[in-house]
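One letter stands for each residue in the lines below.
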Amino acid sequence: MVRFWITPLALSQALLLAGCYEESGSGETRTADVMTMVAAPPQAAPLAVNVSINVNADVRHVVGGVSSFSREKFINIHAINSDLEWWGGNAQSLNQPQEVPDLLNGFVKNLDVYFGRDSGSMAYELTRVPQGSQPGYADANAMASLSALPRTYGYHTAAQRTVVGSAEFEKRMASWVLVAQERPFFPNGYPIANQGWAFSRTDTQAAPFGSSTGHFIGNYLARYFNQSGSVGAGAGIIKPKFVEAINEPLYTLIDDPAPHLAGYPRPTYNDVFRYHDGVRNQVRPLNTARQVQVGGYTPAFPDFEEAEPSNAALFARWNARDGAWLGGAGRNMDFVSLHLYDFEGIPKNGNVYKQYRKGSNVEATFDMLDYAMNWAYGGQLKPLVISEYGARAHQMEPNAWTPQRDWFYLKAMNSLMLQFMERPDRIAKAIPFVVLKGEWGRTSVPYNWRLLRQAFEDGTPANAGNGTWVYTEMVNFYRLWNGVKGTRLESWAADRDFLVDAYVDGAAKDLYVIINSLESTPRTVDLKLLGIPAGSTVTQVEQRHLYPDANGRPILSTSTSASVPGSVVLGSEATMVLRIRYSTAPAQPHTLSQSRHYATVGSSTVLTNIVAGSTHNFTVPNVTPGANGEAVLRLGVGREHGKSLQPVITFNGVTLSVPTDYRGYDQYNGGKGRSRFFGVLEIPVPLSALRASNNIGVRFPDSGGAISSVVLDNSVSTRSLARQ
């Protein structure tokens with residue numbers, strides 16, 4: 001993720017911006033405050049082959065017991081209610097005004113956005129805390145007296161406190177994430193600004209490594225926040241639900257240490273993992289698991305299939321890092337967190353590389369994590385927190401803001417989120433990396449991943465010298481998803497490069513259909529709404545379409561009509577939301593219950609090395625077959641490009657037909673993509689082949705690489721699902 005290096009002097013200056021010290025992932029933006037209204041069709045003519053999409057409005061779709069859309073979980077921003085960047089005319093805003101003076105009401109409330117993550121406030125408060133009597137430990141008594149100011153929104157004006165501390169905004173803080181940055185929280189001797197002391201590196205049985213940091217974080221959580229959980233009652237800022245012990249530690253401390261860490265000891269992977277245990281063990285006595293969950297290890301680049309500096313083998317990274325984490329300190333964590341970014345435009349050897357997560361790669365990443373946890377933890381899966389996701393546009397990052405750069409971030413956010421939404425039972429929080437103004441991240445240009453920019457950044461003569469803060473294009477992510485909520489409906493696309501989801505909000509009588517394309521060219525989609533009861537008529541259809549224009553600029557077009565379109569044209573890598581209002585909301589007398597079942601692992605590792613001509617056998621137990629529904633075998637594979645992705649697979653003796661296509665691009669991208677293939681092959685299984693215990697054989701024609709996960713996705717429906 002994007003980092004910036006700050007000199008001690010610059011850091012001291014930054015800390016003067018009360019509560020505004022923050023370092024984190026990657027993101028950026030532009031946009032006008034008024035939604036662009038466009039009715040013209042996007043881009044060039046679509047391909048001739050139409051894609052069929054079905055929505056069964058009478059079938060409730062339940063995934064692992066979850067059947068509704070959580071805006072709190074998915075529609076949020078990388079900020080919290082007390083962030084001073086919500087307001088204009090202050091140091092965080094370069095003393096400039098905002099086009100929308102009250103963004104909490106104008107953006108958060110009006111677009112129904114929740115709060116996601118903060119990495120700056122705790123770092124700032126640490127600079128106010130002296131060392132206690134124990135060297136390398138914070139003075140807990142001083143913390144008790146210093147905590148009242150931040151806890152009661154003391155950095156805000158009286159008028160701002162009325163808004164920030166209201167129930168409307170405190171209720172949106174129920175599941176936010178607090179994270180510590182590597183500097184100065186990791187105990188390596190780095191001094192704490194304005195204080196001069198550093199966290200103790202002591203590593204004894206009585207005080208294991210990381211205890212000094214954990215002591216501070218535990219007291220911070222116990223003293224600087226509302227402990228009652230009540231909202232709008234004047235008790236103060238709501239306590240975080242999730243605490244990440246450190247942000248992207250292996251990248252920032254080991255793989256590519258920042259210049260300011262020169263001369264400080266470089267830790268091992270195990271040091272970082274043990275640090276997590278030290279933090280959790282100090283946090284827990286002062287904060288119950290019901291109040292706060294502690295987790296990690298928040299890798300910047302969870303590239304499980306990649307090599308290590310000292311080991312060129314496929315999956316060496318998994319074995320050295322993520323597998324070791326799950327088998328060690330990860331066992332003691334309450335959740336597993338990670339970051340997922342599409343890489344758009346990596347300059348390398350005179351070429352430009354695209355390395356996407358969206359598509360089959362992110363499927364393989366999640367399946368491998370769950371497959372490993374199922375094996376290591378006896379079937380108990382820890383919740384997943386995606387505390388940053390989005391995109392990097394490496395070639396454009398050193399440049400001034402452009403709407404084209406924002407498009408790269410927007411398209412990644414929409415595709416990735418729809419894939420996250422397929423796991424509502426597994427993902428506890430998913431936070432798009434969109435910060436507010438990000439002046440703490442300014443280099444020679446403003447920070448990339450922003451909700452707000454200054455008007456003059458568009459380069460037009462009309463805005464020359466105008467420092468007013470206006471929206472970037474990133475606001476269109478939230479405008480696109482505005483209002484989406486309700487009960488999940490069964491939906492289906494004939495092509496896996498199209499992600500489709502649907503919800504019905506019974507109270508508003510609205511049915512939402514969301515369609516996202518992973519294709520790089522426009523396509524026509526044929527839409528069929530099934531299971532609509534007789535007498536329920538359409539009163540209005542609103543169509544929102546976020547797509548790139550011919551110059552690569554994001555356009556959010558909206559239109560209304562009186563009937564549901566039979567087909568729509570979806571732009572390249574675009575997303576469309578249809579809001580269909582009925583006279584009577586469709587009911588769901590039927591249910592589709594989806595569950596995932598993991599193959600048993602008969603060795604000391606989750607990986608099964610592929611040997612040419614050998615049949616690799618797996619067993620998937622505890623499956624309840626249904627008379628109606630669908631089943632898919634999900635085979636995670638990591639291989640060098642050019643190796644076969646067409647294994648012969650038998651399922652209880654039945655030979656399955658392995659599709660030649662899989663989600664997203666082919667990862668090779670003409671030699672300018674990912675260095676290896678790591679993805680999931682999704683293979684339909686006939687219901688007649690399902691048993692309570694299922695024997696699976698997988699045989700490849702060539703050697704090399706490994707099978708990383710074997711998962712059976714079993715969906716049982718109370719009625720047949722005809723596909724049209």
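Calculation rules
Residues numbered from 1 in each chain as written. Predicted model: local features only at pLDDT ≥ 70, side-chain atom pairs only at ≥ 80, totals over all residues. Heavy atoms only, no water. Helix = DSSP H or I, 4+ residues; strand = E, 2+ residues; numbered from the N terminus. Rg over C-alpha atoms; globule rule 2.2 N^0.38 Å. Buried < 20%, exposed > 50% of the residue type's maximum accessible area, 1.4 Å probe, protein only. Contact = heavy atoms within 4.5 Å. Areas by Shrake-Rupley, 256 points an atom, 1.4 Å probe, with all protein chains shown as cover. Lys, Arg positive; Asp, Glu negative; His and termini not counted. Charge placed at Lys NZ, Arg CZ, Asp CG, Glu CD. Pairing = 2+ DSSP bridges.

**Student:** Would you explain the overall build of the chain in this entry?
**Tutor:** For the chain, the helix and strand inventory stands at 16 helices and 31 strands. What you see for the chain is a C-alpha radius of gyration of 25 Å, in line with the 27 Å of a compact globule of 724 residues. Seen along its three principal axes, the alpha-carbon backbone of the chain occupies a region of about 70 × 60 × 55 Å. Taken over 724 residues, the chain has a buried fraction of 61%. For the chain, the share of sequence-separated contacts (at least 6 apart) that also reach a separation of at least 24 residues comes to 78%. Counting every atom, the chain has about 24,500 Å² of accessible surface; 51% of that belongs to carbon and sulfur. Across the chain, the mean location of the 63 positive side-chain charges is 3 Å away from that of the 62 negative side-chain charges.

**Student:** Looking at this structure, how should I read the pairing of strand S17 (residues 510-517)?
**Tutor:** Extensive coverage of S17 is indicated by the burial of eight of its eight residues. One ladder, built from eight bridges, connects strand S16 (residues 498-505) with S17; its direction is antiparallel. Note that in S17 the partner of Val504 across the bridge is Leu511. Hairpin connection of S16 to S17: four residues between the antiparallel strands, including Lys509 at a positive phi of 60°. As paired elements, S17 and strand S22 (residues 575-582) share seven bridges and run antiparallel to each other. Looking at the pairing, Tyr512 lines up with Arg579 of S22.

**Student:** Explain the sheet that holds strand S30 (residues 694-699) to me, please; I cannot follow it from the model alone.
**Tutor:** Sheet strands line up and pair through hydrogen bonds in the backbone, either parallel or antiparallel. On the basis of which strands lie adjacent, the open sheet formed by four strands has the order S25-S30-S27-S28 and antiparallel pairing. Pairing within the sheet leaves two strands with one partner each, and these edge strands are strand S25 (615-620) and strand S28 (654-655). Here strand S27 (residues 648-651) pairs with S30 via four bridges, running antiparallel. The residue bridging Phe651 from the neighbouring strand is Ile696, located in S30.

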